[in-house]
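Coordinate analysis (summary)
Chain residues, written in single-letter form:
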Amino acid sequence: MRANERMLRALARVPARAVLRVARRFAPVLDAGLVDEGGCTYLAYCRARVAWPAGLDETGRECWVNSLHVEDWYRTHVLLAALAFSDAVLALWEKRQGRPEGLVCLISQSRVAGSGRQAVVWKMHRQRPGHDWLAPDLSGYDDAVLELASRDDIALVKARLCQRA
């Protein structure tokens, strides 16, 4: 797990006692499952709706296609919804691959210009040596940024939230 200071502050504001299940609202995305194409892994729901521009490498194509605005699906506890969705997607991957490693979920949070709302964008890509979507130093991002490489990372975040309760 990697997070910048902005994300750590955002997570500190997440209600520690809030419990969120993603199954109901994200069911169409999760039920469609994962699909492999051209050395990439996509959420089948997203792949059916998105084409990518030319010139992207595999990681770029995955992040372009596997991108959801979580605030379009949830109005409250949006960051918590993104964490729960990541957990569900990583569980799909683990069940499908028979191993927990190999997939990365990315969550970024930023203020929507001209409003008090927060945009939370979720992305996913396979782990490839030397092909990271995020820069090595996350402190350079203006947005709050979180990188999750396993369900253990999510359990760690949830444990930190529960310690505050």
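Up top is the structure these notes are about.
Residues numbered from 1 in each chain as written. Predicted model: local features only at pLDDT ≥ 70, side-chain atom pairs only at ≥ 80, totals over all residues. Heavy atoms only, no water.

A short note on the overall build of the chain
From N to C terminus, the chain includes 6 helices and 7 strands. Taken over the C-alpha trace, the chain has a radius of gyration of 15 Å; the compact-globule value for 165 residues is 15 Å, and the two agree within 12%. Along the three orthogonal principal directions, the C-alpha set of the chain runs to about 45 × 30 × 30 Å. Going through the 165 residues of the chain one by one, you find that 42% of them count as buried. For the chain, the exposed area adds up to about 8,800 Å²; of that, 51% sits on carbon and sulfur atoms. Within the chain, the 19 negative side-chain charges are centred at a point lying 8 Å from the centre of the 24 positive side-chain charges. (Helix = DSSP H or I, 4+ residues; strand = E, 2+ residues; numbered from the N terminus. Rg over C-alpha atoms; globule rule 2.2 N^0.38 Å. Buried < 20%, exposed > 50% of the residue type's maximum accessible area, 1.4 Å probe, protein only. Areas by Shrake-Rupley, 256 points an atom, 1.4 Å probe, with all protein chains shown as cover. Lys, Arg positive; Asp, Glu negative; His and termini not counted. Charge placed at Lys NZ, Arg CZ, Asp CG, Glu CD.)

Points about the sheet that holds strand S4 (residues 67-69)
The pairing of strands in a sheet happens through backbone hydrogen bonds and is either parallel or antiparallel. Sheet architecture is open: 5 strands sit in the order S1-S7-S5-S6-S4, paired in antiparallel fashion. Edge positions in the open sheet fall to strand S1 (2-3) and S4, since each of these has one partner strand only. Its contacts with the sheet put helix H4 (residues 58-65) on S4, strand S5 (103-111) and strand S6 (118-126), and the angle it makes with S6 is roughly 140 degrees. Helix H5 (residues 78-97) contacts S4, S5, S6 and strand S7 (144-148) of the sheet and is inclined by roughly 165 degrees relative to S5. (Pairing = 2+ DSSP bridges. Contact = heavy atoms within 4.5 Å. Axes fitted to C-alpha atoms, helices over the stretch in contact; angles between N-to-C directions.)

Comments concerning unusual backbone geometry
A positive phi angle is found at His77, which is not glycine, with a value near 50 degrees. Structurally, the position occupied by His77 is in the loop between S4 and H5.

Details of the side chain of Asn66
By the element assignment, Asn66 lies in the loop between H4 and S4. There is a polar contact of 3.0 Å between the side chain of Asn66 and the backbone oxygen of Thr41. What Asn66 contacts, discounting residues up to four positions off in sequence, is Thr41, Tyr42, Leu43, Cys46, Trp122, Lys123 and Met124. (Polar contact = N/O pair within 3.5 Å; in protein donor to acceptor, adjacent residues only side chain to side chain.)

A short note on a positive patch on the surface
A surface patch of positive charge is lined by Arg6, Arg9, Arg13 and Arg111. Assignment of secondary structure puts Arg6 in helix H1 (residues 5-12). In this structure Arg6 comes out as partly exposed when scored by relative accessible area, which is 34%. (Patch = residues over 30% accessible without salt bridge, like charges linked within 9 Å, V, L, I, M, F, W, Y side chains within 5 Å. Salt bridge = Lys/Arg side-chain N within 4 Å of Asp/Glu carboxyl O.)

Everything listed here is a matter of geometry and, on its own, says nothing about what the molecule does.
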